[in-house]
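# Architecture at a glance
In case you want the letters, here they are:
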Amino acid sequence: MEKKFRKIGVLTSGGDAPGMNAAVRSVARAALARGVEVVGIKGGYSGLINDNMIELKPRAVTGIIYQGGTFLYSDRCDEFKTEEGMQKAIATCKKHGIDGIVAIGGDGTFRGATDLSVRGIPTIGIPGTIDNDITATENSIGFDTAMNTVLEMVDRLRDTCESHARCNVVEVMGRGAGDIALNTAMALGAVACVIPECPFDEAACMEKIRTLRADGKRSFLVIVSEGVENFSEGLAKRIQAETGVETKFARLAHVVRGGTPTLTDRVFATKLGVAAVDQLLAGKSNLVMCQQNNKIVAVDILYSQCLDRKYKGTLKEGMLEKFSAEEIAAMDAAIAEKKAEFAELYAIVNDLAR
Ligand code: ADP
């Protein structure tokens, strides 16, 4: 027998991402359309602990679909990681009659979602992070907007690089993942790209810049992921010293996290929001909504986390015990596919730099 839902909560947690508002709107409107009340929990999990929430009637989410940031605010809440904090959060849910939660954020947010789920508050996750660093999903809310912002910013740098015959090394966000750097490097026609996933041949990069300059190429762009730590600024200095090409350095940082979400992010966020509400109302819990083969699917959060850890080489003893041989084989296949895709795109960026 399916549980009758009367009220659900929605929150945004961890690093903000453009499109989170579109997801909140979608969750709220989808739930209301199905006769379920909605509250917006403010400031991520700290809003649950401190009982900080607003009722989301249809008009409360009017005019937010195009806004960057998150109107529910976001927070990093360490208290939520403690049993005491968790119990306060559950007491708030009971007090308000919140039957389930949609949590929009990254992998930390999903760990919090699992903690709520196992304590009897059904919770569904939605991937909202510009970094696209959740292995189970091909896309995450904010990724497309962030990449388009990088393009806009670096296209401007290219103008001035071309005028002055310079190189510009640009560091972009992405935490430990090179997705933003790799895709934007391709779209910008960068001469080189430095990401954690693929080995960077610095000597070959220097040689290429020297050869291309001798051939008359005036401007050069090198895109570096922040995941390759303490590297980008030094690389700019070395390029200038070793090639003689004047080289500037730019770190785009948080400018890439803000701004109006693109069509892709708004549509994606909207689809994820509706799908998350459908899962919750169907009695499901502890799932993260993902895109796989261009379709929205629900993935077990533990599976998603173990897949991530396997990909990053951070699995702990016994973590895979819950999974069947077929599931572990599926994880290995997904990881091999992702690695092959990175290698392929990386090779294309380097091949086309001429
Ligand atoms: P993101 O969701 O973007 O990865 P964080 O890692 O900062 O961002 O996580 C967001 C929030 O999720 C944290 O501030 C905390 O409230 C909650 N959280 C993270 N890890 C856990 C955990 N192991 N258990 C419970 N809650 C967690």
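Overview of the structure. Note that the structure is predicted; figures quoted are calculated from it, not measured.

When helices and strands are counted, the protein shows 11 helices and 11 strands. Taking 2.2 N^0.38 as the reference for a compact globule, 354 residues should give roughly 20 Å; the C-alpha atoms of the protein span a radius of gyration of 22 Å, in line with that estimate. Within the span of the protein, comprising 354 residues, buried residues form 53% of the whole. Put simply, 74% of the contacts in the protein that link residues at least 6 apart link residues at least 24 apart.

Below, the discussion takes up the sheet that holds strand E6 (residues 167-172). On the basis of which strands lie adjacent, the open sheet formed by 4 strands has the order E7-E8-E6-E9 and parallel pairing. With partners counted over all chains shown, the strands left at the sheet margins are strand E7 (192-194) and strand E9 (247-251), one partner each. Taking the axes of each pair of neighbouring strands and ignoring which way they run, one obtains an average angle of 15° across the sheet. Pairing analysis gives 6 bridges linking E6 to strand E8 (residues 220-225), with the strands arranged parallel. When the bridges of E8 are listed, Val 172 appears paired with Ser 225. Helix H6 (residues 179-188) contacts E6, E7 and E8 of the sheet and is inclined by roughly 165° relative to E8.

Here we take up the pairing of strand E4 (residues 100-105). Within E4, 6 of the 6 residues are buried, which leaves it mostly tucked inside the rest of the structure. Strand direction decides the pairing type here: strand E1 (residues 7-12) and E4, joined by 5 bridges, are parallel. Its bridge partner being in E4, Thr 12 is matched across the sheet by Ile 104. Chirality of the crossover, the property in question, places the unit of E4, helix H4 (residues 107-118) and strand E5 (residues 123-127) among those that are right-handed.

Below, the discussion takes up the site of the ligand. Near the ligand, the surroundings consist of 16 residues, among which Arg 76, Cys 77, Gly 106, Asp 107 and Thr 109 are the closest. Within the contact set of the ligand, an oxygen atom lies 2.6 Å away from a backbone nitrogen or oxygen of Cys 77. Within the side chain of Asp 107, one N or O atom sits 2.8 Å away from an oxygen atom of the ligand. Bound to the protein, the ligand loses 86% of the 550 Å² it would expose on its own. Broken down by element, the residue count for the shell around the ligand peaks at 6 residues, all from H4. Here the shell around the ligand is composed, by residue class, of 3 nonpolar, 7 polar and 6 charged.

Take helix H5 (residues 143-164) next. Taking 1.5 Å per residue as the helical rise, H5 with its 22 residues ought to reach 32 Å, and the 32 Å between its terminal C-alpha atoms agrees with that figure. Buried residues in H5 make contact with E6, H6, E8, E9 and helix H9 (263-281). Looking at the residues trailing H5, positive phi occurs at Ala 165, about 55°.

Calculation criteria
Residues numbered from 1 in each chain as written. Predicted model: local features only at pLDDT ≥ 70, side-chain atom pairs only at ≥ 80, totals over all residues. Heavy atoms only, no water. Helix = DSSP H or I, 4+ residues; strand = E, 2+ residues; numbered from the N terminus. Rg over C-alpha atoms; globule rule 2.2 N^0.38 Å. Buried < 20%, exposed > 50% of the residue type's maximum accessible area, 1.4 Å probe, protein only. Contact = heavy atoms within 4.5 Å. Pairing = 2+ DSSP bridges. Axes fitted to C-alpha atoms, helices over the stretch in contact; angles between N-to-C directions. Right-handed = clockwise from strand over helix to strand, strands pointing away. Near = heavy atom within 4 Å. Polar contact = N/O pair within 3.5 Å; in protein donor to acceptor, adjacent residues only side chain to side chain. Areas by Shrake-Rupley, 256 points an atom, 1.4 Å probe, with all protein chains shown as cover. Nonpolar A, V, L, I, M, F, W, Y, C, P; charged D, E, K, R; others polar. Expected span 1.5 Å × (residues − 1).

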